[in-house]
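# Coordinates in review
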Amino acid sequence: MIHELLLALSGYPGTIFTWNKRNGLQVSQDLPFLHPSETSVLNRLCKMGTDYMRFTEFIEQHTGHVHQQEHYSNQPSQTGLHGIYLRAFCTGLHSMLQPYRQALLDLEQEFLGDPHLSISHVNYMLEQVMRVQSDVIAQIYYVMLSIKGITIHGCQILETVYKHSCGGLPPVRMALEKILAVCHGVMYKQLAAWMLHGLLLDQSEEFFVKQGPSAGGAAAAQEEEDEDLGIGGLSGKQLRELQDLRLIEEENMLAPTLQQFSLRVEMLPSYIPVRVAEKILFVGESVQMFENHNQSPSRAGSILKHQEDMFAAELHRLKQQPLFSLVDFENVIDGIRSTVAEHLWTLMVEESDLLGQLKIIKDFYLLGRGELYQAFIDLAQHMLKTPPSAVTEHDVNVAFQQAAHKVLLDDDNLLPLLHLTIDYQGKDTKEASGNREGTTPPQESSPREAPSTGWAALGLAYKVQWPLHILFTPAVLEKYNVVFRYLLSVRRVQSELQHCWALQMQRKHLKSNQTDAVKWRLRNHMAFLVDNLQYYLQVDVLESQFSQLLQQINSTRDFESIRLAHDHFLSNLLAQSFILLKPVFHCLNEILDLCHNFCSLVSQNLGPLDERGAAQLDIMVKGFSRQSFLLFKILSSVRNHQINSDLAQLLLRLDYNKYYTQSGGTLGSFGL
């Protein structure tokens, strides 16, 4: 019977020791030769066997082994649990059961040497083992039930095992730390593949890096959408829409050699900070980009500077450590990240002329080449003042080329990379992109509202060269496009007001009436406001921020610092130009629309205004007075937020001699 007992405790029940799923391993009830006290001892031993069999059942279900036991034959071969981390957990669990299996083996050796050993001896020997292992088995069993009960998957298993290993019992802690070390082996293999070769080996979606954009929590997103941030009634949803400007799907517009990756935060163990995970993401993305790019090795070289073997050895060293050390882990990650970041800096700043590319962005997206856009406005004014059609895009690009030649901008390498786009109602978005690698289409108009003029649908596309496309992503270029459309609208209105001034000078020798005086006074006030706005945008915002950006780029040799500085630069452009401040932005747009309508009225009525024209002028005077007063009130009253200094700077431009203040914050009224 001892053989039957040892077989049953090893997971192979028979006729004396039977198994049922509910009660586990038990002594058969119809054995007359057993004393009740012996039955009690045997059932206590069977309790150990039951725990062992439940562990082995879990292991064999999730490691793909075929068990020989009949009592497993009616169990499903596949459950919802799967993955390499689960297999690693099972491997660690199997090693934790080794002392129990060794005790059974020793008992069998003793029994073969002395067939007269009693059940009490078996009980005594196993009690020695189980006295040490009982707490360990209970805790590991609880971990196993947690994994099964709530279907813990992938790197979440690391978190579960880690939390249970933080108890105060040394045997439990040591046992779970050994299992955790086995599971970490899988993580280090995935890290090596991702960080050293750009390979995301994650078929079961278990790693904390994934392909595709990140997805935030719906509840948190809803909370943020409804929250008023105290910036002129701007809600979190509106601020995110303005800041992110996710008007296009990045993955559809990215260059073929660049795929989008993000963190799967729910898979990230709590003992690995997000900052470290972001470094891992950055390194893998960069290596993946290099591995997939078909550049000659002489130009691209190795992004890890041929130190892959050294970094692989460092990761292997971490894998061999019995305990996870965040300090050692982050030091190795930082070493790899520094190498990659420095190589990217060299490639982008020195080899790809990042500063020259930023100058191009400034010249064309931020209207640094003012003479070019002045010539373009003059040439394209007639074709963009009406709603766009299918041929408008071709016509404006011809006009853009003519304007470039007119101002002696004949760079054959640069001009083919630039393309003006027109988004009109019914236009096919795919056709608009034209498969132009690395470019960005203009902002999509609402399907309910077609653009009223070609100017409203105008955008600028730029074909970014490798590897600068990792800095100038489509989303980044779309933000530049928003600033571009805004700056161009200000420049166009300024040009129209200057044209009205030229018409005024042509007629200054003619007799004028009261309506003419009101008209030219309004033009003067409009020009005063628009000229100061233009000066503020170009000098106080663009030149100042661009100078700071160049200074930060030249003071570092780290690509991540460059990307952070560029993101900060772009965010400041959007904030300081008031695109993110809804009340001010709306007010300025209303003023620009009034100025444009005024210029149209003047251009269409070169002589004295008739009664209808005078009525229109009166409406414009009142509208401009109202909007200028609103602008003054907003600039004067907004306090205690980050854009306050920008508002103060614009107010200083407009009210440098207190004329604005003395007029009660109103420009263009009849009384002035």
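Each remark here, short or long, concerns the structure printed above.
We now turn to the structure provided with this report. A quick note: this is a predicted structure, and the numbers were derived from the prediction, not measured.

This part takes up the packing of aromatic side chains. For the structure shown, the criterion picks out 16 aromatic pairs. For the pair Tyr162 and Tyr271, a centre-to-centre distance of 4.5 Å together with 50° between the ring planes defines the contact as tilted. Of this pair, Tyr162 sits in helix α6 (residues 156-164) while Tyr271 sits in the loop between β6 (261-263) and α11 (274-292), and the two are 109 residues apart along the sequence. A relative accessible area of 30% places Tyr162 in the partly exposed class.

Within strand β8 (residues 458-462), five of the five residues are buried, leaving the element largely enclosed by the surrounding structure. Side chains of β8 alternate between two faces, with Leu458, Leu460 and Tyr462 and Gly459 and Ala461 buried alike.

Take the environment of Tyr52 next. Looking at the secondary structure, you find Tyr52 in helix α2 (residues 36-63). Residue classification places Tyr52 among the buried residues on the basis of a relative accessible area of 9%. For the pair Tyr52 and Tyr141, spaced 89 residues apart in sequence, the C-alpha separation works out to 9.9 Å. With residues near it in sequence (within four places) discarded, Tyr52 still touches Leu9, Ser10, Gly11, Leu97, Tyr100 and Arg101.

With respect to the helices and strands, the residue Cys90 is situated in helix α3 (residues 84-96). On the basis of relative accessible area, Cys90 is assigned to the buried category, the value being 0%. A C-alpha to C-alpha distance of 9.4 Å links Cys90 and Val182, two positions 92 residues apart in sequence. Not counting the four nearest positions on each side in its chain, Cys90 is found in contact with Phe58, Ile59, His62 and Thr63.

Put simply, α2 and α3 touch, their axes get as near as 9 Å, and they point 145° apart. In this structure, α2 crosses over α3, and the sense of that crossing is left-handed. Between α2 and α3, the contacting residues are Phe55, Phe58, Ile59, His62 and Thr63 on the first element and Leu86, Arg87, Phe89, Cys90, Leu93 and His94 on the second.

The next point concerns the packing of helix α14 (residues 326-351) against helix α21 (residues 559-576). Packing of α14 against α21 brings their axes to within 7 Å, and their N-to-C directions diverge by 65°. Contacts from Arg337, Ala341, Leu344, Trp345, Met348 and Val349 of α14 reach α21 at Phe559, Glu560 and Ile562. Each residue belonging to the contact of α14 with α21 can be placed in one class, and the counts come to seven nonpolar, no polar and two charged.

The next thing to look at is the nonpolar core. Within soluble globular proteins, side chains that are nonpolar tend to cluster in buried spots. Grouped together as the largest cluster of nonpolar side chains are 192 residues, with contacts concentrated most on Phe208, Phe376, Phe472 and Tyr480. Examining the composition of this core, we find that 15 residues originate from one element, helix α20 (residues 514-554), more than from any other. For Phe208, the contacting residues outside a window of four places in its chain are Cys155, Met187, Leu191, Ser262, Leu263, Arg264, Met267, Leu268, Pro269, Ala277 and Ile280.

With 23 residues, helix α22 (residues 582-604) should cover 33 Å at 1.5 Å per step; its first-to-last C-alpha distance of 33 Å lies within 8% of that length. Every buried residue of α22 is listed here: Val584, Cys587, Leu588, Ile591, Leu592, Leu594, Cys595, Phe598, Cys599, Leu601 and Val602.

Turning our attention to unusual backbone geometry. With phi around 55°, Asp353 is a residue other than glycine that occupies positive phi space. The residue Asp353 is located in the loop between α14 and α15 (354-364) in this model. On the basis of relative accessible area, Asp353 is assigned to the partly exposed category, the value being 43%. The backbone phi angle of Leu367 is positive, close to 60°, even though this residue is not glycine. Tracing the chain through its elements places Leu367 in the loop between α15 and α16 (370-384). Accessibility expressed as a relative area gives 6% for Leu367, which makes it buried.

Parameters at a glance
- Residues numbered from 1 in each chain as written.
- Predicted model: local features only at pLDDT ≥ 70, side-chain atom pairs only at ≥ 80, totals over all residues.
- Heavy atoms only, no water.
- Phe/Tyr/Trp six-rings, centres within 6.5 Å; stacked < 30°, edge-to-face > 60°.
- Helix = DSSP H or I, 4+ residues; strand = E, 2+ residues; numbered from the N terminus.
- Buried < 20%, exposed > 50% of the residue type's maximum accessible area, 1.4 Å probe, protein only.
- Contact = heavy atoms within 4.5 Å.
- Axes fitted to C-alpha atoms, helices over the stretch in contact; angles between N-to-C directions.
- Left-handed = near helix turned anticlockwise from the far one by under 90°.
- Nonpolar A, V, L, I, M, F, W, Y, C, P; charged D, E, K, R; others polar.
- Core = buried A, V, L, I, M, F, W, Y, C linked by side-chain atoms within 4.5 Å.
- Expected span 1.5 Å × (residues − 1).

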